[in-house]
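Read off the chains here:
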Amino acid sequence: MRIDVAVSGGEEELRSLQDWLRRDPAVRRGARVELVQAAPAPGQMGALTEVLQLVTDNAWSAASFALALSTWRQTRPQARRITVRRGDLAVSLDGGGDEDVRRLIEALERPAEPAPERERDGDREAGTGEGR
């Protein structure tokens, strides 16, 4: 699973969060954390922005990740908005309280949406056309 994390406050804040997550044993055990360039959102013009990208494996714990984000946020001198994206799903942490953490965990543990019907049909047709 791939997760993108954006933070208000610029590159320095993003690098601080990257360092924090890399030092967290639970996050480090289940995810690779990298700083990457993200394309602008559809309809937006401008330069590419940087985000943290986590690529997770079977040892992934959404609860550990959410707790690490919340704890990092509490160490900042100014409250930072954290936006976590997985595919089309986006969750923002504004207050950093228990409710935000619960929403994030529920969103990350929710199964990914299935591919649109036409993509699945196209794959099925391509895979079965030769065998007939």
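Undergrad: Before we go on, may I ask you to explain the pattern of salt bridges in this structure?
TA: Note that side chains of opposite charge can pair when their charged atoms are close. Summed over all chains, the structure comprises 8 salt bridges. Among the salt bridges present, the one from Arg80 reaches Glu13, with a minimum N-O distance of 3.4 Å. Of this pair, Arg80 sits in the loop between α3 (62–75) and β4 (82–86) while Glu13 is found in helix α1 (residues 11–23), placing the two residues 67 residues apart along the sequence. Side by side, Arg80 and Glu13 carry an identical accessibility label, which is buried. A network of salt bridges, in which partner residues are shared, links Glu13, Arg76 and Arg80.

Undergrad: Please clarify how the nonpolar core should be interpreted in this entry.
TA: Soluble globular proteins tend to pack their nonpolar side chains together in the buried interior. Of all hydrophobic cores here, the largest spans 27 residues; its most connected members are Val5, Leu54, Phe65, Leu69 and Val84. Elements that contribute at least two residues to this core include exactly β1 (2–7), α1, β2 (31–38), β3 (49–56), α3, β4, β5 (89–93) and α4 (98–109). In terms of residue count, the dominant contributor to this core is α3 (6 residues). With residues near it in sequence (within four places) discarded, Phe65 still touches Val5, Leu21, Val27, Leu54, Trp60, Val84 and Leu108.

Undergrad: Could you clarify how one ought to interpret the packing of α1 against α3 in this entry?
TA: When two helices pack together, their arrangement is given by the angle between the helix axes and the distance between those axes. Following both chains from N to C, one finds α1 and α3 inclined at 130°, their axes separated by 10 Å at the closest point. In terms of axis orientation, α1 runs oblique to α3. Viewed along their axes, α1 and α3 form a crossing whose handedness is right-handed. Of the residues in α3, those touching α1 at Glu13, Ser16, Leu17, Trp20 and Leu21 are Phe65, Ala68, Leu69, Thr71, Trp72 and Thr75.

Reading the values: the criteria
Residues numbered from 1 in each chain as written. Predicted model: local features only at pLDDT ≥ 70, side-chain atom pairs only at ≥ 80, totals over all residues. Heavy atoms only, no water. Salt bridge = Lys/Arg side-chain N within 4 Å of Asp/Glu carboxyl O. Helix = DSSP H or I, 4+ residues; strand = E, 2+ residues; numbered from the N terminus. Buried < 20%, exposed > 50% of the residue type's maximum accessible area, 1.4 Å probe, protein only. Core = buried A, V, L, I, M, F, W, Y, C linked by side-chain atoms within 4.5 Å. Contact = heavy atoms within 4.5 Å. Axes fitted to C-alpha atoms, helices over the stretch in contact; angles between N-to-C directions. Parallel < 35°, antiparallel > 145°, perpendicular 65-115°, else oblique. Left-handed = near helix turned anticlockwise from the far one by under 90°.

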